[in-house]
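Observations on the three-dimensional arrangement
Each chain is listed here by its residues.
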Amino acid sequence: MMERRRMDAALLVLLLGHLAAALEVPLDLPQPPTITHQSPKDYIIDPRENIIIHCDAKGKPHPSFSWTRNGTHFDVDEDANVSLRPHSGTLVVDISRAKADQYESVYQCTARNKHGTAVSHNIVVRQSRSPLWSKEKINPIVVQEGVSLVLPCRPPAGLPPPIIFWMDNYFQRLPQSNRVSQSLNGDLYFSNVLQEDSRNDYICYARFPYTQTIQQKQPISVKVLSLDAINDTMAAFYNETDLFSDDPADERKPTFLVPSGPSSTKTVLRGQVLEMECIAEGLPTPDVSWTKVSGELPAKRTSFLHYQRTLRIVNVSESDAGDYRCTARNKLGTVHHNIHIMVKAAPYWISGAPRNLVLAPGENGVLTCRASGTPKPFISWAMNGIPIENSPKDLSRKVEDDTIIFTDVQTGSSAVYQCNVSNAYGYLLSNAFVNVLSEPPRVLTPANKVYQIIKNHKALIDCSSFGSPIPKITWFKDSRSSTLDGDPYILHDNGTLEIHTAQAHNSGKYTCVARNLLGKEENHVYLEVKEPTRILKQPEYKVVQRGRSAVFQCKVKHDPSLVPTMTWLKDDGELPDDERFIVDSDSLTITEVTEIDAGVYTCIMNTTLDHDSASAELTVVERPDSPTDLELTDQKKRSVQLTWTPGDEHNSAIQKFVIQYEDSLHHRGHWHNLTEVPGTRTTAHLKLSPYAHYTFRVLALNAVGFSRPSFHSKTYKTEAAAPDENPTGVEGFGTEHDNLVISWKPLTGLQSNGPGLHYRVMWRQKTVSSEWNAATVANTSKFVVSGLPTFVPFELKVQAVNDHGTAPEPAIAHGYSGEDLPVAAPDNVQAMVVNSSLAEVYWDPVPSKLIRGHLKGYKVYYWLERSLHKHNPHHVEKQILTFSGNHSHGKLPGLQPFSLYSFNVRIFNGKGEGPYSPTQQFETPEGVPGAPTSLSVTNTDLDSLTLEWRPPHVRNGRITGYTLKYQPVNNSNELGPVEELALSANETTVTLSNLRHSTRYKFYLNAKTVRGAGPAISQETVTIMDEAVASRQVDIATQGWFIGLMCAIALLILILLIICFIQRNKGGKYPVKEKEDAHTDPEFQPMKDDDCTFGEYSDNEDHKPLKGSRTPSNGTVKRDDSDDSLVDYGEGGDGQFNEDGSFIGQYSGKSVSRDTAEGHESSEAPSPINAMNSLNSFV
């Protein structure tokens, strides 16, 4: 039966649960009290300040307040030290005349009005305490090195408990480590002690947070001794000290100091912090690790403190119950300890505390008090502070364990119900009222509220309302054609309309309507969907040299209706207050960058709705600092080790080090590169030369450049020795025909290896077996041997010698004695003509013994004697072609055709040229001629003309004839068919007939030899125009009728001016004016009244052609040109005649804007010139 009742109650809860939504009742409506603020359950007070116990509530009418103390009524009026704040239930205790501990009690506040009574939870008031440390004498501790040690703290019990820490006499925290750590109770543990732990100021401090006081224990003195020292001092300390460990402290496996035994148990409440500790001793110091035997550690809620000695789990839940194992290990062994954790739970809400219930008369409702805990809590109900079983019976109310069901409630049944949930670990107390009201809907959201949202974000539009019965909310947009229900709209139970992803088209006016049985109310709000703020160009990573400028770009796009604000941060903080930082609308500039400017810079663009940000790093680089601390080690005769300390690389890695040296013995003040090493090395092995005074310096190179040189090292002097090498660049040559100059590159002072450097020079003739000749010379670079045969090969050697010996045997070099001029010319010289401009010359080489030197080559001298078609000789300078090396032939380009040439050949060596070969001659064949010298047109007529020309200046042979080609050219510069005419060689003129009149022709003439035709010369001309056509092109200005017309117009204008003058004197209108006023003609603009001037006058008759004349095709006549000009008959063309009468004009149509339309309407014949051009044109 009981189970059946439970099922019915659960079903009713499901049916009526939607009615239980919490409503905020407007304060102008009747309602039971609701407690809004109360002091915490465990209320610790500061005894130096007044006691304030809070209790505030709201209701209609405003509630009255009362208090209980330790379960009985507390009459505030009877205690002069206690008062209530106005319009509040808050108690204020004045402790200036009383002690705070007199008011340590359990308090409970009650707020009541005519609709019900609300009660607070129990408030336990206790004053904070910070008792003094009990006085005790602490004897010094003497302990053997290596043993474990515990220094107890044992602080006085305070409320709340104090915070413990260890410090010395100078208020410096004592260092802790894997070996030395503080336990949860404040004791200081040493896994093993060292002699360095000896000190006389181990002080435990306790800080009490409420009173902000710190108390200290008496200092503890610890002295750590070795075993020998203990034996020596045992007598001195025997009577007044504690002596630990008589045996020597050997290495040992771990054991636990805390906790004791192999296992332990601990209880923790749900939601609290679980701390487990394992402190082990041993030698060497053991390491501690943690595992959960029955599962995994909750990674996000787990942390390790005190060097792994403490395992901490926050926000404990039931899943954290189980077995945990701590393990301590060193190289000698392992030890374990298991901790069993039990999780209990004070009561806690499952679905929240009971919610206020507003019902209309006749409605149903449910109050639910659903909570849990470990062990399972007990639930009790009260109404208006009285246990519900003692409250008046109400047939509309039914209590089912954690639920009260209301059916068909009536006016006057409003009350406050208390739900109390408790178990051994705590309790929960909650007030929830049932308010029976009849109220039409009201919308609480402000009218015309504007919601702004960023595109693609979620939009929530509120329609907070109240009414009883609970109003139903419907939404409309803009035209209110249909309710907003379904995708993309979501209607929440509290009336809020959600658009999951807002778009631009969702902007507009929204109307929410709240309805219940008593009426309806609507409210209008507006939604504006804005474009998101986006950084288009983000700042980029910068590497900047110190002293230069860095610029970060940050270009942003945002909704134009939103006001943006750009903010720059450095390393997540504000920019330095420095004028070097210049912030513009879309950039940040840092001038004269220094090292402290390095960091991460972030630009943040904020609007009232959103923001966007981007970051970039600035790295400031500079040349590296100079290396320091140069030191010479591993010093030997021929080498030394150089070490140094690199300078600051300034954020740019050092790429290499350059080691330089100065030899103060031979080249003081001059530094030379010796070697390089990678930037990762700080030492270099240096190979040295004898007989030098070395000092070294080092330069560092990074991406920016070289550092300044380091300070030089100490001087390192090497001993003298015989030379290691001989001079290089040994060579022999002659400056005269009978000498030999032996030269070499001398050794440097560093290469000399010692004092007294000189050279032993040796030579002998190569082709003759002979002994070496030798000579000793001072430190020079050459030696001259005279009286030798001309151009003979020699073997040469130069050896270095100093006061300590000679250099190794030198290598043999080769040279020749001096040269002389060649004594022979090339034989068998001949020429072969290849074509009219190229010939090849051949010769036999000169024997080597006759060259008397190094063969440099052959020179061909050639010149033009005369042209073969002219018998007068040319006076042309000789030309020279040089052929380097041992050649036996060569080509002569660029020759003139049909000519006679002479040539000879000479050999030359390093000394000069030999004799000429016998002079030879050759003839070049004919070539094509050049273009005729001139071409002119004479005797031009209607259909004929005469061409005259002069023969080519450059004939290149005998002229055999001419070829003439010609063709017409039309007005579009298009060429017509070509006519060709062959002419004899002796002709220089030709007459062409049957040509077209008034036509432009182009002529081409070239000459020919037996080798072919040469280039052509061209000319253009135009034949004369037909006289019949020309006679019609008469200027209109020369015609008699035109002159008469102009005179008549001039007379008419004069008469009108006289009439105008008379009318102005009379002050009246002239008849013409009256006629103009009566007959308005748009094409006739009369004279103006005010100044007697005429407006523009147009008459179509003036532009009609006169008898015996032709108008241009566009109907225009130019009146401003000379009477003698022929241009008037063209369409604006610039027709012209040559002196010979040929017409050379170009024709192009031009129009006058005023009369274009009328000209197009003319039916007259087209221009005669255009007609002629159309007849003469061809395709």
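Some thoughts on the overall build of the protein chain
Helix and strand counts for the protein chain stand at eight helices and 87 strands. In the protein chain, which comprises 1179 residues, the share counted as buried stands at 42%. Taking the intrachain contacts of the protein chain between residues at least 6 apart in sequence as the baseline, contacts between residues at least 24 apart amount to 66%. Of the roughly 63700 Å² of accessible surface on the protein chain, a fraction of 50% belongs to carbon and sulfur atoms.

Quick word on the state of the cysteines
By the definition in use, this model includes six disulfides. For Cys-369, the disulfide goes to Cys-419, at an S-S distance of 1.6 Å. One quick way to see it: the torsion about the S-S bond of Cys-369 and Cys-419 is about -70 degrees, and its sign makes the bridge left-handed. Here the residue Cys-369 occupies a position in the loop between strand E31 (365-368) and strand E32 (371-374), and Cys-419 occupies one in strand E37 (residues 415-423), the gap between them amounting to 50 residues. You'll find Cys-369 and Cys-419 in the same group, each marked buried. One disulfide in the model links Cys-554 with Cys-603; its S-S distance is 2.0 Å. Given an S-S torsion of about 60 degrees, the disulfide between Cys-554 and Cys-603 has right-handed geometry. Here Cys-554 is found in the loop between strand E50 (550-553) and strand E51 (555-557), whereas its partner Cys-603 is found in strand E56 (residues 599-606), with 49 residues between them in sequence.

Focus: the confidence of the model for the protein chain
For the protein chain, the mean per-residue pLDDT works out to 84, and 85% of the residues sit at or above 70. Low confidence marks residues 237-248, where pLDDT is under 50. Its contacts with residues over four positions away, or in another chain, come to 19 contacts.

Remarks on the side chain of Lys-570
Mapping Lys-570 onto the fold places it in strand E52 (residues 565-570). At 3.3 Å, the side chain of Lys-570 and the backbone oxygen of Ala-598 are in polar contact. If sequence neighbours within four positions are ignored, Lys-570 has contacts with Leu-575, Pro-576, Ile-596, Asp-597, Ala-598, Val-600 and Tyr-601.

Brief notes about the packing of aromatic side chains
This model, assessed by the stated rule, comprises 23 aromatic pairs. For the pair Phe-903 and Phe-922, a centre-to-centre distance of 5.8 Å together with 55 degrees between the ring planes defines the contact as tilted. With a gap of 19 residues between them, Phe-903 in strand E78 (residues 899-909) and Phe-922 in strand E79 (residues 920-923) connect regions that are remote in the sequence. In this pair, the class of Phe-903 matches that of Phe-922, namely buried. By the ring-pair criterion, three or more aromatic residues cluster together here, those being Trp-67, Phe-74 and Tyr-107. Its guanidinium or amino end placed over the ring of Tyr-427, Lys-41 lies 4.1 Å from that ring's centre, counting from NZ or CZ. A cation over an aromatic ring shows up here: Lys-859 above the ring of Phe-908, its NZ or CZ 4.9 Å from the ring centre.

Quick word on the nonpolar core
Across soluble globular proteins, nonpolar side chains show a tendency to be buried alongside one another. Judged by nonpolar contacts, the single largest core of 31 residues is most densely connected at Ile-51, Ile-53, Trp-67, Leu-91, Tyr-107 and Val-125. Counting residues per element, the ones that place at least two in this core are strand E2 (42-45), strand E3 (51-53), strand E4 (55-60), strand E5 (64-69), strand E8 (91-93), strand E9 (106-113) and strand E11 (123-127). When residues in this core are grouped by element, the largest group, three residues, is from E9. Beyond its immediate sequence surroundings of up to four residues, Ile-53 is in contact with Ser-39, Tyr-43, Trp-67, Gly-89, Thr-90, Leu-91, Tyr-107, Ile-123 and Val-125.

Details of unusual backbone geometry
Looking along the chain, the bond that leaves Thr-374 and enters Pro-375 is cis, with omega of 0 degrees. Relative to the helices and strands, Pro-375 resides in the loop between E32 and strand E33 (378-383). Of note, the amide linkage connecting Asp-487 to Pro-488 takes the cis form, showing an omega dihedral of 10 degrees. As for its placement among the helices and strands, Pro-488 is situated in the loop between strand E43 (472-477) and strand E44 (489-491). Look at Asn-70: it is not a glycine, yet its phi comes out positive at around 55 degrees. Positionally, Asn-70 belongs in the loop between E5 and strand E6 (72-74). The phi torsion at Asp-571 lies on the positive side, around 50 degrees, for a residue other than glycine. The residue Asp-571 is located in the loop between E52 and strand E53 (573-574) in this model.

Some details on the sheet that holds strand E73 (residues 827-835)
Taken in spatial order, the three strands of this open sheet run E73-E74-E77, and their pairing is antiparallel. Of all strands in the sheet, those bounded by a partner on one side alone are E73 and strand E77 (889-892). For this sheet the average axis-to-axis angle between neighbouring strands, irrespective of direction, equals 20 degrees. When E73 meets strand E74 (residues 838-844), the two strands line up antiparallel, connected through six bridges. The residue of E74 that forms the bridge with Gln-830 is Tyr-842.

So, the pattern of salt bridges
In this structure the tally under the stated criterion is 35 salt bridges. Residue Glu-24 pairs with Lys-58 through a salt bridge whose shortest N-O separation is 2.5 Å. One end of the pair, Glu-24, is in the loop between helix H1 (2-16) and strand E1 (31-38); the other, Lys-58, is in strand E4, and 34 residues separate them in sequence. On the accessibility criterion, Lys-58 (21% relative accessible area) is partly exposed. For Lys-331, the salt bridge goes to Glu-251, with nearest N and O atoms at 3.5 Å. With a gap of 80 residues between them, Lys-331 in the loop between strand E28 (322-330) and strand E29 (333-349) and Glu-251 in the loop between strand E20 (242-243) and strand E21 (252-258) connect regions that are remote in the sequence. Exposure remark for Glu-251: the relative accessible area of 46% places this residue in the partly exposed category.

Structural notes on the environment of Ala-692
Tracing the sequence through the fold places Ala-692 in the loop between strand E62 (683-687) and strand E63 (693-701). In this structure, Ala-692 is in contact with Asp-663, Leu-665, His-666, Tyr-716, Lys-717, Thr-718 and Leu-750, ignoring residues within four places of it in sequence.

As for a nonpolar patch on the surface
Taken together, the side chains of Leu-1051, Leu-1054, Ile-1055, Ile-1058, Ile-1059, Phe-1061 and Ile-1062 present a nonpolar region at the surface, about 650 Å² in accessible area. Within the secondary structure, Ile-1055 is located in helix H5 (residues 1040-1066). With a relative accessible area of 41%, Ile-1055 lands in the partly exposed category.

Things to note about the pairing of strand E82 (residues 961-969)
Burial of E82 is extensive: eight of the nine residues sit out of reach of the surface. Sheet topology places E82 next to strand E85 (residues 1000-1009); nine bridges connect them, and they run antiparallel. If you follow Gln-967 over to E85, its bridge partner there is Lys-1002.

Observations regarding the side chain of Asp-612
Relative to the assigned elements, Asp-612 resides in strand E57 (residues 611-621). One buried charge, Asp-612, has no salt-bridge partner; the nearest side chain with opposite charge is Arg-534, at 4.8 Å. A distance of 3.0 Å separates a polar atom in the side chain of Asp-612 from the backbone nitrogen of Ile-535. Contact partners of Asp-612, with chain neighbours within four places excluded, come to Thr-533, Arg-534, Ile-535, Cys-603, Ile-604 and Met-605.

Quick look at the sheet that holds strand E58 (residues 628-633)
Strand order in the open sheet made by the three strands is E58-E59-E62, with antiparallel pairing throughout. Looking along the sheet, the strands with just one partner apiece sit at the ends: E58 and E62. The average undirected angle you get between the axes of adjacent strands in this sheet is 25 degrees. Across four bridges, the pairing between E58 and strand E59 (residues 639-645) is antiparallel.

Side note on the environment of Pro-471
By the element assignment, Pro-471 lies in the loop between strand E42 (465-468) and E43. Given a relative accessible area of 11%, Pro-471 falls into the buried group. Considering only alpha carbons, one finds Pro-471 and Glu-521, 50 residues apart in sequence, at a separation of 9.5 Å.

With respect to the environment of Ile-341
Tracing the chain through its elements places Ile-341 in strand E29. Take Ile-341: its relative accessible area is 1%, and that puts it in the buried class. Sequence separation between Ile-341 and Ser-264 is 77 residues, and the spatial gap between their C-alpha atoms is 8.8 Å. Those residues within four positions of Ile-341 in sequence are excluded, and the remaining contacts are Lys-266, Val-268, Leu-274, Met-276, Asp-320, Ala-321, Gly-322 and Tyr-324.

Quick notes on the rules
- Residues numbered from 1 in each chain as written.
- Predicted model: local features only at pLDDT ≥ 70, side-chain atom pairs only at ≥ 80, totals over all residues.
- Heavy atoms only, no water.
- Helix = DSSP H or I, 4+ residues; strand = E, 2+ residues; numbered from the N terminus.
- Buried < 20%, exposed > 50% of the residue type's maximum accessible area, 1.4 Å probe, protein only.
- Contact = heavy atoms within 4.5 Å.
- Areas by Shrake-Rupley, 256 points an atom, 1.4 Å probe, with all protein chains shown as cover.
- Disulfide = S-S within 2.5 Å.
- pLDDT = per-residue confidence, 0-100.
- Polar contact = N/O pair within 3.5 Å; in protein donor to acceptor, adjacent residues only side chain to side chain.
- Phe/Tyr/Trp six-rings, centres within 6.5 Å; stacked < 30°, edge-to-face > 60°.
- Lys NZ or Arg CZ within 6 Å of the ring centre and 35° of its normal.
- Core = buried A, V, L, I, M, F, W, Y, C linked by side-chain atoms within 4.5 Å.
- Pairing = 2+ DSSP bridges.
- Axes fitted to C-alpha atoms, helices over the stretch in contact; angles between N-to-C directions.
- Salt bridge = Lys/Arg side-chain N within 4 Å of Asp/Glu carboxyl O.
- Patch = residues over 30% accessible without salt bridge, like charges linked within 9 Å, V, L, I, M, F, W, Y side chains within 5 Å.
- Lys, Arg positive; Asp, Glu negative; His and termini not counted.

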